[in-house]
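Structural characterization, general
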Amino acid sequence: PFDVLVVGGGPAGAAAAIYAARKGIRTGIAAERFGGQVLDTMAIENFISVPHTEGPKLAAHLEQHVKDYDVDIMNLQRAEKLIPARTEGGLHEVRLENGASLKARTVILSTGARWRQMNVPGEDEYRNKGVAYCPHCDGPLFKGKRVAVIGGGNSGVEAAIDLAGIVAHVTLIEFDSDLRADAVLQRKLASLPNVKVITSALTTEVHGDGEKVTGLSYKDRNRDTRHDVDLEGIFVQIGLVPNTEWLKGAIALSPRGEIEIDHRGETSQPGIFAAGDATTVPYKQIVIAMGAGSTAALSAFDYLIRLAPA
Ligand code: FAD
């Protein structure tokens, strides 16, 4: 069995695997797609101490760094079931889609999350070319430009407030007849001169010139009319979904499906830890996921050295 089995090969999982392997303990990492969300990212400018890099480049470096250590890498493997140990100190089991079963004294869950998409024409084509999902990451790229935020929940309204301080103008588009964000956020939003809120509106298409975004169309749901907005950026804020469906019933998840962890990264099951975007951590970022993965690995090691000698 593994001493530490990491499930998920994004920044959190890579950091966890490296920290575990550096303790000289038997470490494995199973990932559906090594690199995770980083593979879908272009410019990265907030990976501290590296002023600019690109997603695929960082993903390759993550994998190379893990390979520098004695880590059993199982790429293109999807986990479909977690069976926690029945007794404290017993072995946990992770079942893979291919039928294999992996056993480990500790498990670190780092299966990340995915942004909910609008699924409209142009969205995929202009992803990273004006269509963005993360205001902390890509906001500064739109300095002085016009953007839209899609979604009027807390994350959409927070994004609009954040972006209003950087860009020239923000159009916030909400499907419902009212915004769903907290009242204090809505008051803040209403006080900003360069934000326009459009409710009862369904975004129907992203437009571009072949290279980058030039605008969007939406349907006014009350009048059934079509409208166009000229702009350079679109931030889609209609939900970040954790990849934790396979963990239901095995460990405690929040109402949003995020893995509940304490400040050491431990889940509701002793010996099972978690890190990164799949957890209740408040901010979803590369450096934060890496820090959390390191924390989880050190906590797993701490747990292992307290187990009764075999
Ligand atoms: P992920 O990167 O999501 O990795 C999850 C891993 O788990 C993957 O290997 C996946 O294949 C695997 N996995 C999932 N389910 C299973 C399963 N059942 N079995 C096995 N493996 C599984 N952050 C920044 O800090 N700066 C940026 O500039 C930035 N830009 C971004 C741009 C885009 C377009 C996107 C989508 C995200 C961006 N982010 C950025 C966010 C950043 O990518 C994430 O915060 C970070 O990747 C989270 O790391 P993670 O390891 O928790 O999860």
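Rules and cut-offs
- All residue numbers refer to positions counted from 1 along the written sequence of the respective chain.
- A pLDDT threshold of at least 70 governs which residues receive local features in this predicted model, and a stricter bar of 80 or more applies before side-chain atom pairs are shown or counted, although totals over entire chains, interfaces and linings include all residues.
- UniProt positions are given in the numbering used here, feature names are shortened, and annotations may be inferred rather than shown by experiment.
- Strands pair, by our definition, only if DSSP identifies at least two bridges between them.
- The helix count covers DSSP runs of H or I at least four residues long, the strand count covers runs of E at least two residues long, and both are numbered beginning at the N terminus.
- Simply put, an axis is a line fit to the C-alpha atoms, just over the touching stretch for a helix, and the angle between two N-to-C directions goes from 0 to 180 degrees.
- All the domain ranges listed were derived from an automatic or database domain assignment.
- Working definition of a contact: two residues with C-beta atoms, positioned from the backbone, lying within 7 Å.
- In this classification, the charged set is Asp, Glu, Lys and Arg, the nonpolar set is Ala, Val, Leu, Ile, Met, Phe, Trp, Tyr, Cys and Pro, and all remaining amino acids, among them Gly, are polar.
- Connectivity within a nonpolar core runs through C-beta atoms within 7 Å, and the core itself is a set of buried Ala, Val, Leu, Ile, Met, Phe, Trp, Tyr and Cys residues.
- Counting other C-beta atoms within 10 Å of a residue's C-beta gives its exposure: the residue is buried at 20 or more, exposed at 12 or fewer, and partly exposed in between, where C-beta atoms are placed from the backbone.
- To estimate how far a helix should extend, the number of its residues minus one is multiplied by 1.5 Å.
- This arc describes the spread of directions from the helix axis toward the C-beta atoms.
- All residues are tested the same way: a C-beta atom is placed from the backbone, and lying within 6 Å of a molecule or strand makes the residue near it.

Under an unreviewed UniProt entry, the name given to the protein is Thioredoxin reductase, and the organism recorded is Sphingobium phenoxybenzoativorans. According to the UniProt record, the Sequence similarities (unreviewed entry) comment for the protein reads "Belongs to the class-II pyridine nucleotide-disulfide oxidoreductase family." Recorded in UniProt for the protein, the comment headed Subunit (unreviewed entry) runs: "Homodimer."

With respect to the sheet that holds strand β14 (residues 201–208)
With respect to topology, 3 strands assemble into an open sheet ordered β14-β15-β16, the strand pairing being antiparallel. Edge positions in the open sheet fall to β14 and β16 (225–230), since each of these has one partner strand only. For this sheet the average axis-to-axis angle between neighbouring strands, irrespective of direction, equals 25°. Sheet topology note: the strand β15 (residues 213–220)/β16 ladder contains 6 bridges and is antiparallel. Each bridged residue has a counterpart across the sheet, and for aspartate 220 the counterpart in β16 is threonine 225.

Considerations on the domain arrangement of the protein
Once the domains are mapped, the protein shows domain 1 (2–114 + 240–305) and domain 2 (117–236). For domain 1 versus domain 2, the separation of C-alpha centres amounts to 32 Å. Between domain 1 and domain 2, the residue contacts involve 4 residues of the former and 4 residues of the latter. Counted by class, the side of domain 1 that touches domain 2 contains 2 nonpolar, 2 polar and no charged residues.

Notes on the nonpolar core
Ranked by internal contacts, the top residues of the largest apolar core, which has 52 residues, are Ala16, Ala17 and Ile108. The leading source of residues in this core is helix α1 (residues 11–21), at 9 residues. Look past the residues within four positions of alanine 17 in its chain and what remains in contact with it is Val6, Thr27, Ile29, Val66 and Val71. Among the nonpolar cores identified, the runner-up in size contains 32 residues, and Val131, Val149, Val157 and Ala201 belong to it.

Here's the deal with helix α2 (residues 55–67)
When the terminal C-alpha atoms of α2 are compared, their 18 Å separation across 13 residues agrees well with the 18 Å that a helix rising 1.5 Å per residue should span. When α2 is considered as a whole, its buried residues turn out to be Leu58, Ala59, Leu62 and Val66. Viewed end-on, α2 has its buried residues packed into an arc of 105°, placing them on one side of the element. Opposite the buried face of α2, by more than 90 degrees, sit the exposed residues Gln64 and Lys67. Taken together, the buried residues of α2 touch α1, β2 (27–31), β3 (43–44), β4 (53–54) and β5 (71–75).

Things to note about the site of the ligand
Near the ligand, the surroundings consist of 39 residues, among which Gly8, Gly10, Gly36, Gly112 and Gly276 are the closest. Of the residues belonging to the shell around the ligand, the class tally is 19 nonpolar, 14 polar and 6 charged. Taken domain by domain, the shell around the ligand gets at least three of its residues from each of domain 1 (2–114 + 240–305) and domain 2 (117–236).

Side note on helix α4 (residues 154–164)
Among the residues of α4, Gly156, Val157, Ala159, Ala160, Ile161, Leu163 and Ala164 are the ones counted as buried. Buried positions along α4 lie against α3 (135–138), β11 (146–150), β12 (169–173), α5 (183–190), β13 (195–198) and β17 (233–236).

Concerning the pairing of β14
Alignment of β14 against β15, held across 7 bridges, turns out to be antiparallel. Each bridged residue has a counterpart across the sheet, and for histidine 207 the counterpart in β15 is glycine 215. The antiparallel pairing of β14 with β15 creates a hairpin that spans 4 residues between the two strands, and glycine 210 there sits at a positive phi of about 100°.

Examining unusual backbone geometry
One non-glycine residue, leucine 76, lies in the positive phi region at around 60°. Mapped onto the secondary structure, leucine 76 falls in the loop between β5 and β6 (79–83). Located in the positive-phi region is asparagine 128, a residue other than glycine, with phi close to 70°. Locating asparagine 128 in the fold gives a position in the loop between β9 (113–115) and β10 (131–132).

What about the sheet that holds β17?
Read across the sheet, 5 strands follow the order β10-β17-β11-β12-β13 without closing on themselves; strand pairing throughout is parallel. Taken across any chain shown, the strands that pair with only one partner, and hence form the sheet edges, are β10 and β13. Across 2 bridges, β10 lies against β17 in parallel orientation. Note on β17: the bridge partner recorded for alanine 132 is phenylalanine 235.

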